[in-house]
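Each chain, written out:
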Amino acid sequence: MSATVTVETLRRLLDAFNAHDVDAVMSFFADDCELEMPRGPEPWGRRLQGRDGVREGLASRFAGIPDVHYGDDRHWVSGNRGCSEWLLTGTTVEGEPIAVRGCDLFEFADGKIVRKDAYWKIVDR
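Residues numbered from 1 in each chain as written. Predicted model: local features only at pLDDT ≥ 70, side-chain atom pairs only at ≥ 80, totals over all residues. Heavy atoms only, no water.

**Some points on the overall build of the protein chain**
- Looking only at helices and strands, the protein chain features three helices and six strands.
- Each helix and strand of the protein chain, placed in order from N terminus to C terminus, yields the pattern α-α-β-β-α-β-β-β-β.
- Compactness check: the protein chain gives a C-alpha radius of gyration of 14 Å against a globular reference of 14 Å for 125 residues, within 12% of the reference.
- Along the longest, intermediate and shortest principal axes, the C-alpha atoms of the protein chain span 40 × 30 × 25 Å. (Helix = DSSP H or I, 4+ residues; strand = E, 2+ residues; numbered from the N terminus. Rg over C-alpha atoms; globule rule 2.2 N^0.38 Å.)

Here is the structure:
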């Protein structure tokens with residue numbers, strides 16, 4: 001990956017997510033990366049740090065929603081910041097269907113993601 005992150009970089013990252021390929025997804029992240037999950041015990045959700053923590057969080061997403069798919073997406077990059085908007089669809093292991101809009105806010109350094117902060121809309125039923 002070049003030292004400059006582009007919209008195409010974020011599209012390739014989304015493709016790796018849709019392939020459920022944790023190794024491919026992790027290739028976009030820096031060693032000192034941070035992932036803030038949309039749910040968790042703190043106002044920022046659950047914060048995972050370092051490659052092992054981020055890998056664990058991503059694996060838990062794929063395990064909890066085995067058919068997760070990110071579609072209807074759009075992306076932008078400006079300097080060392082970026083954003084991806086998407087529609088997450090899938091079914092939880094409990095059989096509950098999910099369809100929720102969300103976005104990821106990114107920070108980059110040396111062509112890699114150093115911070116990914118994920119947000120989901122809250123769906124009331």
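**Some words on the pattern of salt bridges**
- Going through the model one piece at a time under the given rule, you end up with 13 salt bridges.
- Here R11 and E8 are joined by a salt bridge, their closest N and O atoms 3.7 Å apart. Taken as a pair, R11 and E8 lie in helix α1 (residues 7-18) at a separation of three residues, close to a single helical turn.
- For E8, a relative accessible area of 40% translates into the label partly exposed. (Salt bridge = Lys/Arg side-chain N within 4 Å of Asp/Glu carboxyl O. Buried < 20%, exposed > 50% of the residue type's maximum accessible area, 1.4 Å probe, protein only.)

**Here's the deal with the sheet that holds strand β1 (residues 29-42)**
- Strands sit in the order β2-β1-β6-β5-β4-β3 across an open sheet of six strands; the sheet is mixed. Each having just a single partner strand, β2 (45-49) and β3 (69-78) make up the two edges of the open sheet. Direction aside, neighbouring strands of the sheet carry axes that sit 20° apart on average.
- Alignment of β1 against strand β6 (residues 112-120), held across four bridges, turns out to be parallel. (Pairing = 2+ DSSP bridges. Axes fitted to C-alpha atoms, helices over the stretch in contact; angles between N-to-C directions.)

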